[in-house]
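# Survey of secondary and tertiary structure
One-letter residues, chain by chain:
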Amino acid sequence: MSSLLPAASKFRARFSKTTVKPEWLGSPKIFRTEVLAGLVVALALIPEAISFSIIAGVDPAVGLFASFTMAVVISVVGGRKAMISAATGAVALVIAPLNREHGLGYLIAAVILAGVFQVILGALGVAKLMRFVPRSVMVGFVNALAILIFMAQVPELTDVPWLVYPLVVGGLALMVFFPKVTTVIPAPLVSIIILTVITVAAGIAVPTVGDKGELPSSLPVPGLPDVPFTMDTLTTIAPYAFAMALVGLMESLMTAKLVDDITDTHSGKTRESIGQGIANIVTGFFGGMGGCAMIGQTMINVRVSGARTRLSTFLAGAFLMVLCIAFGPVVSDIPMAALVAVMIMVSFATFDWHSIAPKTVKRMPLGEMTVMVVTVACVVATHNLAIGVVVGCITAMVVFAKRVAHMVNVSGVVDPDGNQVVYAVTGELFFASSNDLVYQFNYKDDPDDVVIDLSGAHIWDASSVAALDAVETKYAQRGKKVTIIGLNKPSADMHERLAGQLTGSH
């Protein structure tokens, strides 16, 4: 009976954790913050979702439905509180060719399959790869994101009536100074309301949300994609679905890591990966274009509005549909200048200004700065955050390998009687550092008995074992014997398993 007590206590602890009241339920202040944050995000989501629908070549309703279902589902199944998932430009770029060549049915089928891929990848532990993303790549990712957010507003400021510019400046001024008066209501929401009232009351003719596209008038209904369920369909959609799954997961996990840093909390990356997959599967069955975490809207929610719980994410999706269906005419009158001002403020707040401060640049190693700049340049050039992160990580690996490769040292000491030489090898032996190892020995003049002491080294890969084989071979050709000593257990195991097996001559 006593053996059951620990298990019972664990169950009670787990049950108490799962049944604890949400923090917003017991605090009117948190509840108000979450509700208002959700409303601000919903307003900002509408033109973004319509824009991404245009990129994907689908009706605006397809993007808006995706933003609704992604936000609502991920608020329940996701691993990162307060993060916003919706239709995104990265996903739109990946699946646009499929829609263009085969039609909406194939796009929807690809979204569902991408969700399945994400669930599988999440279950396989792909989220653990995030530990290999260095800080310099993360900083570059954040700065590139801020630049992309700003660049996305430039078209809204080009070839527009001159009144757009004072409206944007006014919106920015409101967001800067209104928090000094009160923080009860998010400044972006105040800015959007005031600018909308001014433009409508004064009859100012400037671009509005309604100019982006027609808002849906009813909720989405579930259904199957209109495609033949054949192997040909699967082979057609699979490459696009897999690409979408990878891009979506990478962007979502990077965003989750960013929010972790901002809120100083930890989130379940595996749960987030699987949750993204579930959200995309549901979105596909409701006729949406799929999506992933939206960094811009997440920054509005977390950094600008101060949201911290799942309620804001859920309400962002719920308010989106309410605004479109019940308040469509009102939302259509919101001037784009108001939303442009919000996104410019988000861009400014997102950029890591400390990373480019003269003091930081002066102290930061050249390799770290190079990785950051390469990440930013790739993201801005391709408009694809995933490509930038991959290239940044590869650059960081190259910089690291180059740095570590020079840390291997070989020093030889000949016995006084001249019968033996002992070489002490120190450092990390891997493909980059072991290439020069062969040239560190005096094969011609060394005595017949050669000892290589690896007490201060570690063998990491087959390249290092092959290099040691080459050293032994060169000595053997001169009739000299090599003895390797001092291997730690992992190095000894690898050396024993691979020595003499890596070339056809043995």
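Naming follows an unreviewed UniProt entry, where the protein appears as Putative Integral membrane transporter of Streptomyces viridochromogenes Tue57. Checking UniProt for the protein, the heading Subcellular location (unreviewed entry) contains the comment "Membrane".

A word on the overall build of the protein. Secondary structure assignment for the protein yields 19 helices and 6 strands. Principal-axis analysis of the C-alpha atoms places the extent of the protein at approximately 100 × 60 × 60 Å. In the protein, buried positions account for 49% of the 506 residues. Considering only intrachain contacts with a sequence separation of at least 6, the fraction spanning at least 24 residues in the protein is 84%. When the accessible surface of the protein is totalled, it reaches about 23900 Å², and 66% of it is carbon and sulfur.

We now examine the domain arrangement of the protein. Each assigned domain of the protein is listed here: domain 1 (23–359) and domain 2 (408–498). Put simply, the middle of domain 1 and the middle of domain 2, counted by C-alpha atoms, are 56 Å apart.

Let us now look at the environment of Val116. Assignment of secondary structure puts Val116 in helix H5 (residues 104–123). On the basis of relative accessibility, which here comes to 34%, the residue Val116 falls in the partly exposed class. Taking the C-alpha atoms as reference points, Val116 and Leu189, separated by 73 residues in sequence, lie 37 Å from one another.

Sheet strands associate in pairs through backbone hydrogen bonding, adopting either a parallel or an antiparallel arrangement. A sheet is described by the order of its strands in space; here 4 strands give the open sequence S3-S4-S5-S6, paired in mixed fashion. Taken across any chain shown, the strands that pair with only one partner, and hence form the sheet edges, are strand S3 (409–414) and strand S6 (481–485). Each strand of the sheet is rotated relative to its neighbour by a mean of 20 degrees, with strand direction disregarded. Both strand S5 (residues 449–459) and S6 contribute to a ladder of 5 bridges, which runs parallel. Note that in S6 the partner of Asp449 across the bridge is Lys481. Helix-sheet contacts for helix H18 (residues 462–476) involve strand S4 (420–429), S5 and S6, and the interaxial angle to S5 is about 170 degrees.

This part is about the packing of helix H2 (residues 28–56) against helix H4 (residues 89–102). At a minimum axis distance of 7 Å, the contact between H2 and H4 shows a crossing angle of 30 degrees. Classed by the angle they form, the pair H2 and H4 counts as roughly parallel. When H2 is examined against H4, the residues Phe52, Ile55 and Ala56 are found in contact with a partner set consisting of Gly89, Ala92, Leu93, Ala96 and Asn99. A per-class count over the contact of H2 with H4 returns 6 nonpolar, 2 polar and no charged.

Turning to the confidence of the model for the protein, a few remarks are in order. Per-residue pLDDT for the protein averages 88, and the proportion of residues at 70 or more is 95%. Considering only residues more than four positions removed or in separate chains, one finds that residues 14–18, a stretch of pLDDT under 50, has 0 contacts.

With that settled, consider the packing of helix H8 (residues 187–202) against helix H14 (residues 336–350). Closest axis-to-axis distance for the H8/H14 pair is 9 Å, and the angle between their directions is 160 degrees. Of the possible angle classes, the one that applies to H8 and H14 is roughly antiparallel. The two elements H8 and H14 meet at a crossing, and its hand is right-handed. Taking contact as the criterion, the partners of Pro188, Ile192 and Leu195 in H8 are, on H14, Ala338, Leu339 and Val342. Tallied by class, the residues present in the contact of H8 with H14 amount to 6 nonpolar, no polar and no charged.

This part is about unusual backbone geometry. Its identity is not glycine, yet Asp159 carries a phi of approximately 55 degrees, on the positive side. Note on placement: Asp159 falls in the loop between helix H6 (135–153) and helix H7 (164–181).

Quick look at the pairing of S4 now. Taken together, the 6 bridges between S3 and S4 define a ladder with antiparallel strand orientation. What sits directly across from Ser411, in S4, is Ala424. Alignment of S4 against S5, held across 9 bridges, turns out to be parallel. Paired with Gly427 across the strands is Ala457, a residue of S5.

Conventions we followed
Each chain has its residues counted from 1, running along the sequence as written. Where totals are concerned, whole chains, interfaces and linings use all residues; where local detail is concerned, this predicted model gives features only for residues with pLDDT of at least 70, and gives and counts side-chain atom pairs only at 80 or more. As a rule here, side-chain values cover all heavy atoms of the structure and leave hydrogens and water aside. UniProt positions are given in the numbering used here, feature names are shortened, and annotations may be inferred rather than shown by experiment. Note on conventions: DSSP H or I runs of at least 4 residues are helices, E runs of at least 2 residues are strands, and numbering of each starts at the N terminus. Residue exposure (1.4 Å probe, protein chains only): buried if accessible area is under 20% of the type maximum, exposed if over 50%, otherwise partly exposed. What makes two residues a contact is simply this: any of their non-hydrogen atoms within 4.5 Å. In short, Shrake-Rupley with a 1.4 Å probe defines the accessible areas, and a residue's cover is counted only from the protein chains shown. In this document the domain limits rely on a domain assignment from an automatic tool or a database. We call two strands paired when DSSP finds no fewer than two bridges between them. To obtain each axis, a line is fitted to C-alpha atoms, and for helices this fit is confined to the stretch in contact; angles are then taken between N-to-C directions over 0 to 180 degrees. Our angle categories are set so that under 35 degrees counts as roughly parallel, over 145 as roughly antiparallel, 65 to 115 as roughly perpendicular, and the remainder as oblique. Here the nonpolar group is Ala, Val, Leu, Ile, Met, Phe, Trp, Tyr, Cys and Pro; Asp, Glu, Lys and Arg are the charged ones; every other residue, Gly included, is treated as polar. pLDDT expresses, on a scale from 0 to 100, how confident the predictor is about each individual residue. Should the near helix be turned anticlockwise from the far one by less than a right angle, the crossing is left-handed, and should it be turned clockwise, the crossing is right-handed.

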